[in-house]
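Secondary and tertiary structure notes
As a plain string of letters, each chain reads:
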Amino acid sequence: MHEMAIAEGILKIAFKYAEENHAAKISKITLKIGDMSGVEVEALKMSFEVLTKDTIAEGAELVINNIPVIAQCNKCGKEFQIKNYNFFCPECDGILILKSGRELQVESLDMD
């Protein structure tokens, strides 16, 4: 379950910023997670809950902003949201280049 390792990395970032800003409590962590990131969101939430127990992030809200898979055609330049992992342009049959959808990023932290 790599979601446990991901949750540990997220918390490492959050705890570092909390310490640097003399925060006593982390109340919310907002993430950007791309639809092609390979992250199982429910497993991540469960791991987050387990790892935050007895820390300054216990009870913190974990907000997930899903980022759709967007690609641009290397031939005609049009952008499309990818469905069913079809990476050929529906307009000209060119190859689509991934623009978004693989993100895994801490977007913001709310601390007191």
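These remarks concern the structure in this document. (Residues numbered from 1 in each chain as written. Predicted model: local features only at pLDDT ≥ 70, side-chain atom pairs only at ≥ 80, totals over all residues. Heavy atoms only, no water.)

**Examining the overall build of the chain**
Summing up its helical and strand segments, the chain has two helices and six strands in all. For 112 residues, the compact-globule estimate of 2.2 N^0.38 gives 13 Å, and the chain exceeds it by more than 25% at 18 Å. In terms of its C-alpha atoms, the chain occupies a principal-axis envelope of roughly 55 × 30 × 15 Å. Counting over 112 residues, the chain shows a buried share of 31%. Long-range pairs, those at least 24 residues apart, make up 69% of the contacts in the chain with a sequence separation of at least 6. Within the chain, the 18 negative side-chain charges are centred at a point lying 6 Å from the centre of the 12 positive side-chain charges. (Helix = DSSP H or I, 4+ residues; strand = E, 2+ residues; numbered from the N terminus. Rg over C-alpha atoms; globule rule 2.2 N^0.38 Å. Buried < 20%, exposed > 50% of the residue type's maximum accessible area, 1.4 Å probe, protein only. Contact = heavy atoms within 4.5 Å. Lys, Arg positive; Asp, Glu negative; His and termini not counted. Charge placed at Lys NZ, Arg CZ, Asp CG, Glu CD.)

**Concerning unusual backbone geometry**
A negative phi angle is the norm for most residues apart from glycine, just as the trans form is the norm for most peptide bonds. Residue His22 is not a glycine yet carries a positive backbone phi of 55 degrees. Phi at Asp54 is positive, roughly 65 degrees, even though this residue is not glycine. Examined against the element boundaries, Asp54 turns out to sit in the loop between helix 2 (41–52) and strand 2 (61–67).

**Quick look at the sheet that holds strand 3 (residues 70–73)**
Pairing in this open sheet of three strands is antiparallel, and the strands run 4-3-5 from one edge to the other. Sheet topology places strand 4 (79–81) and strand 5 (96–100) at the edges, where each strand pairs with a single neighbour. Each strand of the sheet is rotated relative to its neighbour by a mean of 35 degrees, with strand direction disregarded. Of the pairings in the sheet, the one linking strand 3 to strand 5 comprises four bridges and is antiparallel in character. Paired with Ile70 across the two strands is Ser100, which belongs to strand 5. (Pairing = 2+ DSSP bridges. Axes fitted to C-alpha atoms, helices over the stretch in contact; angles between N-to-C directions.)

**Observations concerning the sheet that holds strand 1 (residues 26–34)**
Judged by pairing direction, the sheet is mixed, and its three strands sit side by side in the order 2-1-6 without closing on themselves. For this open sheet the edge positions go to strand 2 and strand 6 (104–111), each flanked by a neighbour on one side alone. Each strand of the sheet is rotated relative to its neighbour by a mean of 20 degrees, with strand direction disregarded. Here strand 1 runs beside strand 6; their pairing, made up of seven bridges, is antiparallel. Residue pairing across strands places Lys28 opposite Asp110, the latter belonging to strand 6. On top of the sheet, helix 2 reaches strand 1 and strand 2; it is set at about 160 degrees to strand 2, its chief contact.

**Remarks on the nonpolar core**
Ranked by internal contacts, the top residues of the largest apolar core, which has 18 residues, are Ile26, Ile29, Leu31 and Leu44. Contributions of two or more residues to this core are made by helix 1 (2–20), strand 1, helix 2 and strand 2. For this core, the element with the highest residue contribution is helix 1, accounting for six residues. Aside from chain neighbours lying at most four places away, what touches Ile26 is Ala14, Phe15, Ala18, Ile56, Ala57, Ala60, Asp110 and Met111. Core analysis: the next-biggest nonpolar cluster, separate from the first, contains seven residues, Val69, Ala71, Cys89 and Leu96 among them. (Core = buried A, V, L, I, M, F, W, Y, C linked by side-chain atoms within 4.5 Å.)

Limitation: the analysis is restricted to geometry and does not speak to function.
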